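Spelled out from the first residue to the last, the chains are:
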Amino acid sequence: MRARLTVDLDALAQNYAILRKVAEGTEVAGVVKADAYGMGLAPVARRLRAEGCRTFFVAGLDEVGRGPLAGPVVACAVVMPADGRRLPGIDDSKALSPEARRRLSADIRRVALGIALGAASVREIDRLNILRATTLAMRRALARLVPPADHVVLDGLPMPALGVAHVAVVKGDATCYSIACASIVAKVVRDRLMANLARRHPAYAWDRNAGYGTAAHLAALAHHGPTRHHRRSFAPVAQLELG
């Protein structure tokens, strides 16, 4: 990936300043440039420790399943070793084959210092809306994480409702190592869940589309109607019920 090959030193200094404030408790969120990390926060974590911060665990946090018409949203929080050694092949989960994701997920689980999952159900998605449900899933993952995270990095924009200090990394699932690891594990877990649900509802082909609104999925919805695993607050499902 090109972003891994260049490091913007000015941006790295700015990003470090953000994390330093977070470590001191004077700032709770920020936005950083993805290419300033070169697929990792380990150098920043090591520098914070060297400057006298207590053991500083940085958790990568990501979600999978915001867009599908069916199934839960799943979040993963993971603390990877800050020793500079990285698992080969880590990338944005969407850019990997299913086989590669499964292999890398097993590798991540083997070397991670801590890993935890959280989810929000279809009922919670419909009741809260997808953004709030995603935040809920992320908070559940962080609450289960051992060791607890001193700081969190996540993909995209800041999430004030998360309730913990964090930095949002633009395109983080493709450029930040720990976020990419979280994305891979969450994707494997959710895909496995949807494949299990597909055995009960084979017409919707969730083992192939993971609940996303593919042509085959939409055709099955039109023919068979929604199941209890469908998100009735999502337009394609809601329109069927209105019609």
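In this report, we go over the structure that sits alongside the text.

About the criteria used
- Residues numbered from 1 in each chain as written.
- Predicted model: local features only at pLDDT ≥ 70, side-chain atom pairs only at ≥ 80, totals over all residues.
- Heavy atoms only, no water.
- Helix = DSSP H or I, 4+ residues; strand = E, 2+ residues; numbered from the N terminus.
- Buried < 20%, exposed > 50% of the residue type's maximum accessible area, 1.4 Å probe, protein only.
- Contact = heavy atoms within 4.5 Å.
- Areas by Shrake-Rupley, 256 points an atom, 1.4 Å probe, with all protein chains shown as cover.
- Salt bridge = Lys/Arg side-chain N within 4 Å of Asp/Glu carboxyl O.
- Pairing = 2+ DSSP bridges.
- Phe/Tyr/Trp six-rings, centres within 6.5 Å; stacked < 30°, edge-to-face > 60°.
- Core = buried A, V, L, I, M, F, W, Y, C linked by side-chain atoms within 4.5 Å.

### Digging into the overall build of the protein
Step number 1: Regarding its fold elements, the protein presents ten helices and six strands.
Step number 2: In the protein, buried positions account for 50% of the 243 residues.
Step number 3: Within the protein, contacts between residues at least 6 apart in sequence are counted, and of these 67% link residues at least 24 apart.
Step number 4: Carbon together with sulfur atoms contributes 55% to the accessible area of the protein, which is approximately 11600 Å² in total.

### Looking at the side chain of serine 183
Step number 1: Relative to the helices and strands, serine 183 is located in helix α7 (residues 177-200).
Step number 2: Its relative accessible area of 2% is what places serine 183 among the buried residues.
Step number 3: Sequence-distant contacts of serine 183, that is, excluding residues within four places in its chain, are made with Asp62, Val64, Asp92, Ser93 and Asp173.

### Details of the environment of proline 226
Step number 1: The residue proline 226 is located in the loop between α9 (215-224) and α10 (235-242) in this model.
Step number 2: Taking the C-alpha atoms as reference, proline 226 lies 9.6 Å from tyrosine 204; in sequence the two are 22 residues apart.
Step number 3: Other than its neighbours up to four places away in sequence, proline 226 contacts Tyr204, Leu221, Arg232, Val237 and Glu241.

### A closer look at the pattern of salt bridges
Step number 1: Applying the stated criterion across every chain yields a total of seven salt bridges.
Step number 2: Notably, a salt bridge pairs aspartate 92 with lysine 94, separated by 3.2 Å at the nearest N-O pair.
Step number 3: Residue classification places lysine 94 among the exposed positions, given a relative accessible area of 61%.
Step number 4: Of the charged contacts in the structure, one is a salt bridge between arginine 101 and aspartate 191, with a shortest N-O distance of 3.6 Å. Here arginine 101, found in helix α3 (residues 98-111), pairs with aspartate 191, found in helix α7; they are 90 residues apart in sequence, far enough to count as distant.
Step number 5: Residue arginine 101 is classed as buried on the basis of its relative accessible area of 8%.

### A word on the pairing of strand β3 (residues 73-79)
Step number 1: The element β3 is largely enclosed, with a buried count of seven among its seven residues.
Step number 2: Bridging between strand β2 (residues 58-64) and β3 involves six bridges; their strand directions are antiparallel. Bridging from a neighbouring strand, valine 64 pairs with valine 74 of β3.
Step number 3: Across seven bridges, β3 lies against strand β4 (residues 114-120) in antiparallel orientation. Across the sheet, residue valine 73 finds its bridge partner in β4, namely alanine 120.

### Topic: the packing of aromatic side chains
Step number 1: Evaluation of the coordinates by the stated rule reveals one aromatic pair.
Step number 2: The interplanar angle of 20° and the centroid separation of 5.3 Å between the aromatic rings of tyrosine 204 and tryptophan 206 together place this pair among those described as stacked.
Step number 3: Accessibility expressed as a relative area gives 5% for tyrosine 204, which makes it buried.
Step number 4: Residue tryptophan 206 is classed as buried on the basis of its relative accessible area of 1%.

### Points about the nonpolar core
Step number 1: In this structure, Leu61, Leu162 and Trp206 are the most contacted members of the largest nonpolar core, which totals 31 residues.
Step number 2: Listed by contribution, the elements that provide at least two residues to this core are β2, β3, β4, α5 (130-144), β5 (151-155), α7 and α9.
Step number 3: The dominant element in this core, judged by the number of residues it contributes, is α5, at five residues.
Step number 4: When neighbours within four sequence positions are excluded, leucine 162 is seen to be in contact with Leu61, Thr135, Met138, Arg139, Leu142 and Leu154.
Step number 5: Listed in part, the 19 residues of the second largest apolar core include Leu87, Ala100, Ala112 and Tyr177.

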